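# Close look at the chain arrangement
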Amino acid sequence: MVEYEIPADESVSTAAIDAVSSLKECEPRELTPLYRTIDPELLDDLCQSRQNGTVKFVYSDFHVTVERGEYLLLRPADCE
């Protein structure tokens, strides 16, 4: 599992794309668009307050967990 701290000036959707592309060692544009998995605006809105809460989804072969809008936890989807 990899933990990624989301900078205060970065949206959660952008952080998810950047973190996954970094782990896959590719450019963000090479990934499947995030909107095919989850609505990026909705994701950002859900996490904007940075209060307690968790959002989970699978994106580009990774389980992504957003905790409190501050951290991404990523693990390969083939790891259960």
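Throughout this description, residue numbers start from 1 for each chain and increase along the sequence as written. Reporting of local features is limited, given that this is a predicted model, to residues whose pLDDT is at least 70; pairs of side-chain atoms are given and counted only at 80 or more, and all residues count toward the totals for whole chains, interfaces and linings. To obtain the side-chain values, all non-hydrogen atoms of the structure were used and water was disregarded.

## Here's the deal with the confidence of the model for the protein chain
Taken as a whole, the protein chain shows an average pLDDT of 91; of its residues, 94% reach a score of 70 or greater. Within the protein chain, helix α2 (residues 40-47) has the poorest average pLDDT of any element, 90, and helix α1 (residues 12-24) the best, 95. pLDDT is a per-residue confidence score from the predictor, ranging from 0 to 100. Under the scheme used here, helices are H or I runs from DSSP no shorter than 4 residues and strands are E runs no shorter than 2 residues, and both carry numbers assigned from the N terminus.

## Remarks on the pairing of strand β2 (residues 54-59)
When accessible area is computed with a 1.4 Å probe and restricted to protein chains, residues below 20% of their type maximum are described as buried, those above 50% as exposed, and intermediate ones as partly exposed. Because side chains alternate across β2, one face comprises the buried residues V55, F57 and Y59, and the other comprises T54, K56 and V58, none of which is buried. With six bridges joining them, β2 and strand β3 (residues 62-67) adopt antiparallel strand pairing. Its bridge partner being in β3, K56 is matched across the sheet by T65. What sits between β2 and β3 in their antiparallel hairpin is a turn of two residues, with S60 showing a positive phi close to 50 degrees. Pairs of strands are assigned from DSSP output, requiring at least two bridges between the strands.

## Considerations on the sheet that holds strand β4 (residues 71-76)
Ordered in space as β1-β4-β3-β2, the four strands form an open sheet in which the pairing is antiparallel. Strands at the two margins of the open sheet, each flanked by one partner only, are β1 (2-5) and β2. Taking the axes of each pair of neighbouring strands and ignoring which way they run, one obtains an average angle of 20 degrees across the sheet. Along the sheet face, α2 touches β2 and β3 and points at about 155 degrees away from the line of β2. Between N-to-C directions, angles cover 0 to 180 degrees, with each direction set by a line fitted to C-alpha atoms, over the stretch in contact for helices. Residue contacts follow a heavy-atom distance rule, with two residues in contact if any of their heavy atoms lie within 4.5 Å.

## Some details on the nonpolar core
Among buried residues, those of type Ala, Val, Leu, Ile, Met, Phe, Trp, Tyr and Cys that are joined through side-chain atoms within 4.5 Å constitute a nonpolar core. The biggest cluster of nonpolar side chains holds 20 residues, and the ones touching the most others in it are L43, F57, V64, V66 and L72. With residues near it in sequence (within four places) discarded, F57 still touches A16, L34, T37, I38, L43, F62, H63, V64 and V66.

## Re the pairing of β4
By the bridge criterion, four bridges tie β1 to β4 in an arrangement that is antiparallel. Looking across to β4, one finds that E5 is bridged to Y71. Note: β3 against β4, six bridges, orientation antiparallel. The partner of V66 across the bridge, within β4, is L72. Hairpin connection, β3 to β4: the antiparallel pair is bridged by three residues, and R68 has positive phi, about 55 degrees.

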